[in-house]
Structures are given as C-alpha cells and as structure tokens.
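What the coordinates show
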Amino acid sequence: MYPVGPYPIWKHATRLADGREIIYFDESPGLGRAAVRDARDLGRVDDLAGPVSALRWDPLAGEWVVIAEQRQDRTFLPPADACPLDPSAPGRPTEIPASSYDVVVFENRFPSLSGARPRPAGPGDPTGGAGPAQPDLLAQRPGLGRCEVVCFTSDHDASFADLTPHRVRTVVEAWADRTVALGALDGVEQVFCFENRGEEIGVTLHHPHGQIYGYPFVTPRTARMLGQARLHAERTGGNLFDDMVAGELAAGTRVVARNDHWAAFVPAAARWPYEVLLFPAERVPDLSLLPDVAREAFCLVYLDVLRRLDALFGSRAPYIAAWHQAPVHAHGPGPGGRREDFALHLQLMSVRRAPGKLKYLAGSESGMGVWINDIVPETAARRLREVL
Ligand SMILES: [Zn+2]
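Note that this is a predicted model, so its numbers are computed, not measured.

Further remarks concern helix α2 (residues 220-236). With 17 residues, α2 should cover 24 Å at 1.5 Å per step; its first-to-last C-alpha distance of 24 Å lies within 8% of that length. Where α2 is concerned, the buried positions are Thr 222, Met 225, Leu 226, Ala 229, His 232 and Ala 233. The buried residues of α2 occupy an angular sector of 125° when projected down its axis, which confines them to one face. Every exposed residue of α2 that faces more than 90 degrees away from the buried side is listed here: Arg 224, Glu 234 and Arg 235. The secondary structure elements touched by the buried residues of α2 are β9 (190-197), α3 (240-251), β14 (319-324) and β15 (345-350). Taken from the residues just after α2, Gly 237 is the one with a positive phi, measuring 80°.

Moving on, we get to the confidence of the model for the chain. Predicted confidence across the chain gives a mean pLDDT of 90, with 91% of residues reaching 70 or more. Long-range and interchain partners of residues 124-129, a stretch whose pLDDT sits below 50, account for eleven contacts in this model, where long-range means more than four residues apart.

Our focus in this paragraph is empty space enclosed by the protein. Throughout the structure, instances matching the rule amount to one cavity of 30 Å³ or more. In this structure, the largest cavity encloses a volume near 40 Å³. Residue lining of the largest cavity: Phe 152, Phe 160, Trp 175, Phe 194, Glu 195, Tyr 302, Ala 321, Trp 323 and Leu 346, and that is the complete set. Counting only elements with at least two residues in the lining of the largest cavity, the list comes to β9 and β14.

Quick look at the domain arrangement of the chain now. Note on interface size: it is often stated as the accessible area lost on association of the parts. When the domains of the chain are assigned, the result is domain 1 (2-40 + 75-120 + 142-217) and domain 2 (221-386). Distance between the C-alpha centres of domain 1 and domain 2: 24 Å. At the junction of the two partners, domain 1 supplies 36 residues and domain 2 supplies 30 residues. Summing the contributions of domain 1 and of domain 2, the shared interface buries around 2800 Å²; its carbon and sulfur component is 57%. When residues of domain 1 are sorted by the area they lose upon contact with domain 2, Ala 161, Arg 197 and Glu 200 head the list and together hold 21% of the total. The tally of links between domain 1 and domain 2 comes to six salt bridges.

How two aromatic rings sit relative to each other is given by the distance of their centres and the angle of their planes. As enumerated under the stated definition, the model contains 19 aromatic pairs in all. On the numbers, 6.4 Å between centres and 20° between planes, the contact of Phe 192 with Tyr 215 is stacked. On the criterion of sequence distance, the pair formed by Phe 192 in strand β9 and Tyr 215 in strand β10 (residues 209-215) is long-range, its members being 23 residues apart. Assigned by exposure class, Phe 192 and Tyr 215 land together as buried. On the numbers, 5.6 Å between centres and 65° between planes, the contact of Tyr 213 with Tyr 215 is edge-to-face. Given the relative accessible area of 14%, Tyr 215 is considered buried. Chaining the aromatic ring pairs together yields one cluster made of Phe 152, Phe 160, Trp 175, Trp 262, Phe 298, Tyr 302 and Trp 323. Geometry around Trp 64 places Arg 141 over its ring, the cationic atom sitting 4.9 Å from the centre.

Once that is clear, we can look at the sheet that holds strand β3 (residues 54-58). Taken together, three strands build an open sheet; the order of strands is β4-β3-β7 and the sheet is antiparallel. At either end of the open sheet lies a strand with only one pairing partner, and these are β4 (63-67) and β7 (140-142). Put simply, the sheet's adjacent strands are angled 30° from each other on average, direction ignored. Where β3 and β4 come together, five bridges link them in antiparallel fashion. The partner of Asp 58 across the bridge, within β4, is Glu 63.

Cut-offs applied
- Residues numbered from 1 in each chain as written.
- Predicted model: local features only at pLDDT ≥ 70, side-chain atom pairs only at ≥ 80, totals over all residues.
- Heavy atoms only, no water.
- Helix = DSSP H or I, 4+ residues; strand = E, 2+ residues; numbered from the N terminus.
- Expected span 1.5 Å × (residues − 1).
- Buried < 20%, exposed > 50% of the residue type's maximum accessible area, 1.4 Å probe, protein only.
- Arc of directions from axis to C-beta.
- Contact = heavy atoms within 4.5 Å.
- pLDDT = per-residue confidence, 0-100.
- 1 Å grid on protein atoms, 1.4 Å probe; cavity = no way out; pocket = protein on both sides within 12 Å on 5 of 7 lines; lining within 4 Å.
- Points joined across faces, edges and corners; volume = space filled by probe spheres on them.
- Domains from an automatic or database assignment.
- Buried area = accessible area lost by both parts, 1.4 Å probe.
- Salt bridge = Lys/Arg side-chain N within 4 Å of Asp/Glu carboxyl O.
- Phe/Tyr/Trp six-rings, centres within 6.5 Å; stacked < 30°, edge-to-face > 60°.
- Lys NZ or Arg CZ within 6 Å of the ring centre and 35° of its normal.
- Pairing = 2+ DSSP bridges.
- Axes fitted to C-alpha atoms, helices over the stretch in contact; angles between N-to-C directions.

The structure is reproduced here in structure tokens:
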C-alpha cells in the first residue's frame, strides 16, 4: 500500500504464464488478485533471444523508425465475449487471471519495443539517449524498451469519460508508478503514457485501456520541444511552457476549462479539429512529481473536458490522449536543458471534425509535415465551452 491523499492504493505485482509482468492497482486491501495463477499454456517470452523489433535510422529525417513485424499477428477487434482485457472467468482465461480488477497494468503481448531490463547500479546514460551523434546512414538497433497495457476498468462497455474521479485518480497513480518504473530500465530514455480511443483512430480492442511505451531514445516531438525551450530561454530568459500558458490564460479566448490547479485550452495553432492541452498550474517534469492536490484536481478537469468532447457530436468521440513528459535524463546544461525546465502536459486530440467526418493526415500533413486545420481554434474552444 502507498498513501496517495484521500485514496490509498494497494499495488501487487506478479507474472503471467509466459513470464510477462502484471501489476494490480487495487482500491481496497486484501483482495488476493495477484495470487491467482495464470493457467494458460503460453510459451515463455524470456526464451526469445532479445527484442523482437528493430529500430532503423531514417537519415533524411534524423529519426528512428520502429519495425515491428510481429505486431501484424495481434488480436484485432475480437467479439465482446472474447475480449482479452476482461477479467478471467471459468473456462475463459484472459490476459488478467483475476476474476475482477480496478486498474491493472501488464506487459503487452505484442510489443513494439521489448527486452529492457533493470538498469545496473551507477550513473545513468550520460548521453541522454539521443543515440549516436552520427548514426550510419543505414543504422539499425534492437528495438529495446518496454510496452505496457493499462486497463482502466473491468467494465468492457465503459469509456474513460465514464470513470469516477476516484478511478481516474487510481489511473493517475498507475501512470506515475509506471513512469518511474520504466524510466529505471536500462536504455529507456522516455516514458509515454497514452490512450487511443475509437476504431477511427485504429484501436484494435474496444475495452477501455491505454498504453505505456518506454522508448530507447528521446522522441522527435519531445526533442523539438526541448530545442524550442532552449532557444526561448536564451532569447528571453523565460520558460517557454510557462510563458505560453500565461499567454493563453491572458488571451482567454481558447480556454475550455480551468480550476485552481489545471488549465485546459485549445492551442493557438491547433493542428487537429478539436485539440486541447491540459497544463498543471505548477510546472513539473513528469507525472511522478505531480503534487497530490494537482493529481486530485486533474481528475475533475479531465473528465469535464472528455465529456465536452463526447457531447460535441452526441456520440463517443474518437481521440488520442498523449502525456508529454520530460526525458528520463537531463538533456543539456543551463536554462531550458534541465528536466525541471520541461512542463508535463496532456494533449487531447480528436480526428472528428463534424458528425461522420474525420480529419485524415493527407498530402500536406503526411508529405510535408504542414498541418491544415479546417476549424478555427477559437471556434473549437467556444464550442467546447458552450456544449455543456
Ligand atoms: Zn473487455
């Protein structure tokens, strides 16, 4: 058990039949869920020689691409009575051996990245995981890292917006716990917690769940933000994230929701038809360092924004929710380069631009990286404010 404000959580870890780790985050004690054995006959994942995917270097973009052929075989839109994320029932074993759960996290059976082990004692990777300065033009590396699945509720038909604030808080604790745990693995340089919802986004399982990736490099989006933050600090002496949020709050026209500890707004240069950024009032680099009051306040503001998004078109909105966190290691000395200069935030984005109409990443976005958004951000914010 560990204390988390008004809601204590009982965390129990065990192994699935193939050796993958599973961790229960229980909202009450003594449930014995982790003692239930996984009786399935599965091959051991430890028998694999190493990571099953590969990183290949794109020399033109200066970015790594993950090639993960084994994921082609993953479970694709199973019927509701064969959902692998439901609790196990007699005669129907699933990925979760216990007969019930609150929040549960386990290693993905079809991981994009795998094989990361605990980091040996001693200082971490001083290079910050940016990879070799000049990788060979056709460089390859093993797809080392870790991919986990987070089930938000055992209720197959629910969605995140249906969760109680208490349950959201348990999910936040699980995200924070995994941020620390994956960041402690050898070679992991960035931890990404996210949720894809809706078949329109490419979700292959309907059960309410999210994923957590431990990447073996700092992702391009984060590297770009860090570079911008360093430039801003050099030019102005200020913190880019703080100054941007202050500017949005001063403008006020794109604010969707707000409480004492969080602000939710459509960014001035939103790329998606409906995109909302949620920033805590007090800047922290990652979820594990988010103060108790901010964790508590997040649950209310996030549920409010999700329900607005769903209300907009009268049906569950397809969305991506992406937690932006500082890399595991400092990325440079001086202002703009320390972990504490990065601001944890959640980016919520929906591909739906009108009932039955989706935004596709087409020629300009996919070919040139130039986004074209049909909805004026101030209009998106006003609709989200007025819908409830
Ligand atoms: Zn299910």
